[in-house]
Amino acid sequence: MNQEQLKIMSGKKGFIAALDQSGGSTPKALKNYGIGEDQYSNDEEMFNLVHEMRTRIITSPSFTSDHILAAILFENTMERKIGDKLTADYLWEEKGIIPILKVDKGLAEETDGVRLMKPIPGLDELLGRAVERHIFGTKMRSVIKQANPAGIKKIVDQQFEIGLRIAASGLVPILEPEIDIYSPDKAESEQIMKDETKKHLAELPEDTKLMFKLSIPDKHGFYSDLMKDSHVVRVVALSGGYSRQEANERLSRSPGLIASFSRALSEGLNANQTQGEFDRMLARSIKEIYEASIT
């Protein structure tokens, strides 16, 4: 792994920009950006439009390493260019921002109160390409809907199993066992998930490094013990359906937790804005999320 990037990710102030909307979530991301489904007729046109959106965000003068540590990319974005450079190289060489890759292929149907990740065919090949493309780490998401101990154990087991394969390739995996913010027993799920996570951390090889992307906990400082574990590079938070304002308020009450927001980051951005309007809106979003991340 890149040691300079590891040092930045471990200790620098800032947050992670999640720009990794993929197949199923791309139409919604474009709609929120002011581009309806009537403006494209196939997947290629859709992905061209979303890459234009991401390029506009990444190349904005508001999008800098002063506030942003890393950006999470979709596989399609990793293989595309910004200017004459592949996206990951542009991020690091032009912006000083660490590139991370989303590797999961979506969610399986709910069983035992959880949605595991679907199988990831060709994972080793994808990881090899990620290394070639100068990617620092990966991200993969599963979802906990209910405080079902058996289901949550399956989620955590799967995250660590695949995470260890990723770490063996030289990349830093971000494990994301998201807990649905609307779950009536969210706090109980958080406790079960953390207990299972700590069991796995206790068994990891000494030199294994990983990160976590978690729902903002109900109890302030709830993940402080995970942050102190020698294997854990950083613990970051997803917005999970909260508005940017509410997500920031909740985040600011959890010391050490930093943002990895997607929809909350792009909230208010629109394809029809002038470049000045777009940059000012993005700058405001980044400033608010950054301040919540360093509280």
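See the structure above.
How each quantity is defined
By convention here, each chain's residues receive numbers from 1 onward along its written sequence. In keeping with the model being predicted, local features are shown solely for residues with a pLDDT of at least 70 and side-chain atom pairs are shown and tallied solely at 80 or more, while totals for entire chains, interfaces and linings include all residues. Hydrogens and water molecules were not included; the side-chain quantities draw on all heavy atoms of the structure. To qualify as a helix, a DSSP run of H or I must reach at least 4 residues; to qualify as a strand, a run of E must reach at least 2; elements of each kind are numbered from the N terminus. For a compact globule the rule gives 2.2 Å times the number of residues to the power 0.38, and the radius of gyration it is set against comes from C-alpha atoms. Accessibility here uses a 1.4 Å probe with only protein chains present; expressed as a share of the type maximum, an area under 20% marks a residue as buried, one over 50% as exposed, and anything in between as partly exposed. Only heavy atoms enter the contact rule, under which two residues are in contact if any of them lie within 4.5 Å. Each accessible area is a Shrake-Rupley estimate made with a 1.4 Å probe; only the visible protein chains count as cover when residues are assessed. We count Lys and Arg on the positive side and Asp and Glu on the negative side, and we leave His and both chain ends out. Throughout, a charge is located at the NZ atom of Lys, the CZ atom of Arg, the CG atom of Asp or the CD atom of Glu. Geometry of aromatic contacts follows a simple scheme: Phe, Tyr and Trp rings, the Trp one being its six-membered ring, pair when their centres are within 6.5 Å, and the pair is stacked under 30 degrees between planes, edge-to-face over 60, tilted otherwise. Think of it as a cone above the ring: NZ of Lys or CZ of Arg counts as a charge over the ring if it is within 6 Å of the ring centre and within 35 degrees of the ring normal. The angle between two axes is taken between their N-to-C directions and runs from 0 to 180 degrees, where each axis is a line fitted to C-alpha atoms and a helix contributes only its stretch in contact. Oblique is the label for any angle not under 35 degrees, not over 145, and not in the 65 to 115 range, which are roughly parallel, roughly antiparallel and roughly perpendicular in turn. Under the scheme applied here, ten amino acids are nonpolar (Ala, Val, Leu, Ile, Met, Phe, Trp, Tyr, Cys and Pro), four are charged (Asp, Glu, Lys and Arg), and all others, including Gly, are polar. By arc we mean the arc of the directions from the helix axis to the C-beta atoms, nothing more. Note on pairing: DSSP must find at least two bridges between two strands before they are called paired. Here, the term nonpolar core denotes a set of buried Ala, Val, Leu, Ile, Met, Phe, Trp, Tyr and Cys residues that are joined through side-chain atoms within 4.5 Å. Definition of a polar contact: a pair of N or O atoms within 3.5 Å, with one able to donate and the other able to accept a hydrogen when the atoms are protein atoms, and with sequence-neighbouring residues admitted only if both atoms are side-chain atoms. Take a side-chain nitrogen of Lys or Arg and a carboxyl oxygen of Asp or Glu: if they are within 4 Å of each other, that pair is a salt bridge.

All right, on to the overall build of the protein chain then. Along the protein chain, the regular secondary structure elements total twelve helices and eleven strands. For the protein chain, the C-alpha radius of gyration of 18 Å lies close to 19 Å, the compact-globule estimate for 295 residues. For the protein chain, the spread of C-alpha atoms along the principal axes amounts to about 50 × 40 × 40 Å. Sorting the 295 residues of the protein chain into buried and exposed places 54% on the buried side. Within the protein chain, counting contacts between residues at least 6 apart in sequence, those at least 24 apart form 73% of the total. Surface summary for the protein chain: the accessible area is close to 12,600 Å², and the carbon and sulfur share equals 48%. Separation of charge centres in the protein chain, based on 39 positive and 45 negative side chains, amounts to 4 Å.

Attention shifts here to the packing of aromatic side chains. Scanning the model with the defined rule gives three aromatic pairs in all. On the numbers, 5.0 Å between centres and 70° between planes, the contact of Phe222 with Tyr223 is edge-to-face. A single burial state applies to Phe222 and to Tyr223, both of which are buried. Looking at Arg56, its charged tip hangs above the ring of Phe278, at a distance of 4.1 Å from the centre. Between Lys194 and the ring centre of Phe222, over which it is positioned, the NZ or CZ distance is 3.9 Å.

Right, let's talk about the packing of helix H3 (residues 43-59) against helix H5 (residues 87-95) for a bit. A pair of packed helices is characterised by two quantities: the angle between their axes and the separation of those axes. Interaxial distance between H3 and H5 falls to 11 Å at its minimum, and their mutual angle equals 10°. Between H3 and H5, the interaxial angle falls into the category roughly parallel. Contact residues: His51, Ile58 and Thr59 in H3; Thr87, Tyr90, Leu91 and Lys95 in H5. In terms of residue class, the contact of H3 with H5 is made up of three nonpolar, three polar and one charged.

Among the residues of helix H6 (residues 123-132), Leu123, Leu126, Leu127, Arg129 and Ala130 are the ones counted as buried. Mapping the buried residues of H6 onto a view down its axis gives an arc of 160°, with all of them on the same face. Residues of H6 that are exposed and angled more than 90 degrees away from the buried face: Asp124 and Glu132. Those residues of H6 that are buried lie in contact with helix H4 (75-78), strand E5 (98-102), strand E7 (137-144) and helix H7 (149-168). Phi for His134, located one or two positions after H6, is positive at around 65°.

Another point: the packing of helix H10 (residues 244-252) against helix H12 (residues 275-293). It is the contact of H10 with H12, at a shortest axis distance of 7 Å, that shows an interaxial angle of 25°. Relative to H12, H10 is oriented roughly parallel. Facing H10, whose interface residues are Arg244, Asn248, Leu251 and Ser252, H12 presents Met281, Arg284, Ser285, Glu288, Ile289, Ala292 and Ser293. Split by residue class, the contact of H10 with H12 holds four nonpolar, four polar and three charged.

Before going further, it helps to examine the pairing of strand E1 (residues 15-19). With five of five residues buried, E1 lies mostly within the body of the structure. Bridge count between E1 and strand E11 (residues 258-261): two bridges; the pairing is parallel. Paired with Ile16 across the bridge in E11 is Ser260.

Another aspect to go through is the nonpolar core. Grouped together as the largest cluster of nonpolar side chains are 78 residues, with contacts concentrated most on Phe63, Phe212 and Leu265. In contact with Phe212, not counting residues within four places along its chain, are Phe160, Ile174, Leu175, Thr197, Leu201, Val232, Arg234, Val235 and Val236.

All right, on to the side chain of His231 then. The topology assignment puts His231 in the loop between helix H9 (224-227) and strand E10 (232-238). A relative accessible area of 9% places His231 in the buried class. Polar side-chain contacts of His231 include one of 2.8 Å to the side chain of Asp229. Once residues lying within four places of it in the same chain are set aside, the contact partners of His231 are Leu201, Leu204, Pro205, Glu206, Thr208, Lys209 and Leu210.

Once that is clear, we can look at the side chain of Thr77. With respect to the helices and strands, Thr77 occurs in helix H4. Only 2.9 Å separates the side chain of Thr77 from the side chain of Arg54, close enough to count as a polar contact. When sequence neighbours within four positions are dropped, the list of residues in contact with Thr77 reads His51, Arg54 and Thr87.

On inspection of all chains with the given rule, the structure shows 25 salt bridges. We note a salt bridge from Lys139 to Glu176, for which the minimum N-O separation is 3.1 Å. A residue pair is termed long-range when its members are at least 10 positions apart, and Lys139 in strand E7 and Glu176 in strand E8 (residues 172-179) qualify at 37 residues. Here Lys139 matches Glu176 in class, with each residue buried.

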